[in-house]
Amino acid sequence: KTLKMVTKTPLSTIAQAFEELSQCGTKDEGLPLDKFCDACSLVSVLFNSLGLAFKFAEMEYVAKVGNLVEASKRFATLENIVDADVGNGTVKKQRSPSRDLRRVRQGLDLVRALFEQFLSSKDYSLRNAASTAYAQVCAPYHTWAVRTAVSAGMHTLPSREQLLLKLNETDHSAKKKMRRWEHLQSLMTQS
Ligand code: 1PW
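The next subject is the pattern of salt bridges. Taken as a whole, this structure holds nine salt bridges when the rule is applied. Residue Arg160 pairs with Asp171 through a salt bridge whose shortest N-O separation is 3.2 Å. On the criterion of sequence distance, the pair formed by Arg160 in helix H9 (residues 160-166) and Asp171 in helix H10 (residues 171-182) is long-range, its members being eleven residues apart. Connected via shared salt-bridge partners are Asp109, Arg112 and Glu116.

Laid out in structure tokens, this is it:
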């Protein structure tokens with residue numbers, strides 16, 4: 001009888017963290033900000049696996065998550081953040097917690113859209129998947145300069161096989177974990 005290998009990969013760690021998070025919140029209390037930040041921090045591994053050209057994207061994402069960690073000393077839930085900034089009229093103000101929250105959610109949504117593309121076909125290149133996901137989720141909110149830098153970066157993305165290797169996944173195992181992520185979409189669209 002062969003031993004079944006139980007390997008924890010970045011994708012399984014992330015999927016598990018968000019599954020646990022989705023069980024934390026209740027309708028009335030809202031999602032706990034500290035746990036949300038913990039789960040979000042794990043996602044930077046994915047950005048990191050995209051290569052040097054996306055270092056800036058990773059740093060941006062990590063900085064916003066860091067701001068939210070700071071905010072978690074004052075706010076208990078995601079809903080508290082949004083309520084406070086709506087009340088103060090600061091939802092659009094740079095570095096306001098709700099703006100940073102919006103950016104981080106957009107990052108998560110980007111990964112979700114990328115997975116969706118990735119799952120849609122076996123011979124879909126990472127570059128095509130990422131370009132489509134980016135165009136859908138982020139491009140409408142980014143400046144021309146950022147969009148140009150991102151489209152240049154797309155040419156440097158690793159291949160599908162290289163990415164899977166870096167994440168210690170096979171096509172099959174990655175798909176299983178990426179599907180777990182899809183279920184968590186409702187979490188991202190609340191409040
Ligand atoms: C596995 C994930 C694959 C995704 C591949 C595509 C890479 C996406 C590149 C995102 C680039 C983010 C660049 C920065 C954007 C800034 O304009 C913005 N920051 C964020 C995090 O959106 C500035 O925000 P701010 O400070 O004006 O509120």
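In this section: the environment of Ser12. Mapping Ser12 onto the fold places it in helix H1 (residues 10-24). Ser12 sits in the buried class, given a relative accessible area of 10%. Along the chain, Ser12 and Glu169 lie 157 residues apart, while their C-alpha atoms are 9.8 Å from each other. Excluding residues within four positions of it along the chain, Ser12 makes contact with Thr7, Glu169, Lys177 and Arg180.

Further remarks concern the packing of aromatic side chains. The final tally for this structure, using the stated rule, is three aromatic pairs. Here Phe18 and Trp181 contribute two aromatic rings whose centre-to-centre distance is 5.2 Å and whose plane-to-plane angle is 65°, an arrangement assigned as edge-to-face. Of this pair, Phe18 sits in helix H1 while Trp181 sits in helix H10, placing them 163 residues apart in sequence. Given the relative accessible area of 4%, Trp181 is considered buried. The interplanar angle of 70° and the centroid separation of 5.6 Å between the aromatic rings of Phe115 and Trp181 together place this pair among those described as edge-to-face.

About the cut-offs
Residues numbered from 1 in each chain as written. Predicted model: local features only at pLDDT ≥ 70, side-chain atom pairs only at ≥ 80, totals over all residues. Heavy atoms only, no water. Salt bridge = Lys/Arg side-chain N within 4 Å of Asp/Glu carboxyl O. Helix = DSSP H or I, 4+ residues; strand = E, 2+ residues; numbered from the N terminus. Buried < 20%, exposed > 50% of the residue type's maximum accessible area, 1.4 Å probe, protein only. Contact = heavy atoms within 4.5 Å. Phe/Tyr/Trp six-rings, centres within 6.5 Å; stacked < 30°, edge-to-face > 60°.

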